[in-house]
Amino acid sequence: MGRSGSHGNTAMGAMRMTTMNGQLMPEDLERWVLDFAAQIVEQHVMLSDLDAASGDADHGANMERGMSALLQAVPGWDRQLLPGDFLKEIGMHLVSSVGGSSGALYGTIFLRMARTVGDACAIDPELLLQAFESAAEGIVDRGKVKRGDKTMYDALAPAVEVLREQLLPARQPLSASLRAAAEAAQTGRDTTADMVARKGKSSYARENSRGVVDPGAASVTMLIQAAARTLGNSVTNEAS
Ligand code: ADP
Ligand code: MG
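Draft legend 1. Region of the structure containing the packing of helix H5 (residues 100-117) against helix H9 (residues 215-230). Close contact between H5 and H9 brings their axes to 12 Å; oriented N to C, the two are set at 30°. When the axes of H5 and H9 are compared, the pair comes out roughly parallel. As for how H5 packs across H9, the hand of that crossing is right-handed. Across from Tyr106, Ile109 and Phe110 in H5, the residues of H9 making contact are Gly216, Ser219, Val220 and Leu223. Among the residues making up the contact of H5 with H9, the classes are represented as 5 nonpolar, 2 polar and no charged.

Here is the structure:
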């Protein structure tokens, strides 16, 4: 996968044209995932420090393990994967390499996105929104979580809500919509500092978790920020 070496390859040539016409391709998803992985590797000590305040101090280490593995593995993957297959591969990889609650939860995010994307050859902004919505629903199903429980959902849910508002009623371009979603994730993340954890290992600490941002909310914010940096620029729905 990746853009280099695709000259003379008809399938990749077609992919690039489609990208220009406003659709996300696996190579765009790859840039997103690798950007996210690099951020996690850089910030993993901070993420574990957040987890130390209320949980078991391993969120950064769990995520770093999985993301280092992804950074190694993804560039060698089959160049002809469909977008949904790429997302599924990422999800399965995370389930097996991250560990902890977050391995299952991040796996769910990507596997639910994969299921929603199905066998589409490309992802337009509306399908991307649906994929993010099903990822958020997946966290609710899997984590039995709601807003205010001080988890990653408190950052993911508002980000997805804002993405919907921006893309559909406001008809904003994907780039601006993703930037607004990233800001909503950051705000959601910051509100978790005022919450008391009710889910996961942090819930044992109860009041001790107050005053500190939830580590999963911090990492999922990086996922949305990475999407804003990488996916918005690939798609030109400005004209639609
Ligand atoms: P573990 O809790 O197994 O040590 P991590 O430390 O890697 O796993 O991940 C902790 C993060 O996972 C929390 O900060 C929270 O955001 C998220 N989390 C834990 N349990 C749940 C849950 N039931 N629903 C949603 N998110 C959860
Ligand atoms: Mg932990």
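Draft legend 2. Structural detail: the site of ligand 1. Around ligand 1 sit 19 residues in total, of which Asn62, Ser101, Ser102, Met152 and Asp214 are the nearest. Relative to its unbound accessible surface of 560 Å², ligand 1 loses 94% to contact with the protein. Of all the secondary structure elements, the ones that give two or more residues to the shell around ligand 1 are helix H3 (59-73), H5 and H9. With 4 residues, H5 is the largest single contributor of residues to the shell around ligand 1. Across the shell around ligand 1, the residue classes tally to 4 nonpolar, 9 polar and 6 charged.

Draft legend 3. Here's a closer look at the packing of aromatic side chains. Counted by the stated rule, this structure contains 4 aromatic pairs. Joined through ring pairs, the aromatic side chains of Trp32, Phe110 and Phe132 make up one cluster.

Draft legend 4. Spotlight on the nonpolar core. Membership of the largest hydrophobic core comes to 64 residues, with the highest contact counts inside it found for Trp32 and Ile109. Looking at this core, the elements with two or more residues in it are helix H2 (26-54), H3, helix H4 (83-97), H5, helix H6 (125-143), helix H7 (153-167), helix H8 (174-191) and H9. If we skip the residues at most four places from it in the chain, Ile109 touches Ala135, Ile139, Met152, Leu156, Val220 and Leu223.

Draft legend 5. Quick look at the coordination of the magnesium ion (ligand 2). Coordination of the magnesium ion (ligand 2) by the protein involves Asp51 (OD), Asp56 (OD) and Asp58 (OD), with metal-donor separations of 2.0 to 2.2 Å. Along the chain, the residues that donate to the magnesium ion (ligand 2) are spaced as D-x4-D-x1-D. Assessed through its relative accessible area of 34%, Asp56 is described here as partly exposed. Residue class for Asp58 comes out partly exposed when judged on its relative accessible area of 23%.

Draft legend 6. View of the environment of Gly66. Considering the arrangement of structural elements, one finds Gly66 in helix H3. Given a relative accessible area of 0%, Gly66 falls into the buried group. Sequence separation of Gly66 and Leu94 is 28 residues, and the distance between their C-alpha atoms is 5.9 Å. Non-local contacts of Gly66, meaning those with residues more than four positions away in its chain, are made with Ser97 and Val98.

Draft legend 7. View of the confidence of the model for the chain. When pLDDT is averaged along the chain, the result is 88, and 86% of the positions lie at 70 or above. Within the model, pLDDT remains below 50 along residues 1-20, and this stretch shows 41 contacts once partners closer than five positions in the same chain are excluded.

Draft legend 8. Here's a closer look at a nonpolar patch on the surface. A cluster of nonpolar side chains, Met92, Val95 and Leu111, forms an exposed patch at the surface whose accessible area comes to about 230 Å². Of note, Leu111 is situated in helix H5. Owing to a relative accessible area of 31%, Leu111 belongs among the partly exposed residues under this scheme.

Definitions and limits used
Residues numbered from 1 in each chain as written. Chains lettered and ligands numbered in written order. Predicted model: local features only at pLDDT ≥ 70, side-chain atom pairs only at ≥ 80, totals over all residues. Heavy atoms only, no water. Axes fitted to C-alpha atoms, helices over the stretch in contact; angles between N-to-C directions. Helix = DSSP H or I, 4+ residues; strand = E, 2+ residues; numbered from the N terminus. Parallel < 35°, antiparallel > 145°, perpendicular 65-115°, else oblique. Left-handed = near helix turned anticlockwise from the far one by under 90°. Contact = heavy atoms within 4.5 Å. Nonpolar A, V, L, I, M, F, W, Y, C, P; charged D, E, K, R; others polar. Near = heavy atom within 4 Å. Areas by Shrake-Rupley, 256 points an atom, 1.4 Å probe, with all protein chains shown as cover. Phe/Tyr/Trp six-rings, centres within 6.5 Å; stacked < 30°, edge-to-face > 60°. Core = buried A, V, L, I, M, F, W, Y, C linked by side-chain atoms within 4.5 Å. Buried < 20%, exposed > 50% of the residue type's maximum accessible area, 1.4 Å probe, protein only. Donors = N, O, S within 2.8 Å, 3.2 Å for Na, K, Ca; no water. pLDDT = per-residue confidence, 0-100. Patch = residues over 30% accessible without salt bridge, like charges linked within 9 Å, V, L, I, M, F, W, Y side chains within 5 Å. Salt bridge = Lys/Arg side-chain N within 4 Å of Asp/Glu carboxyl O.

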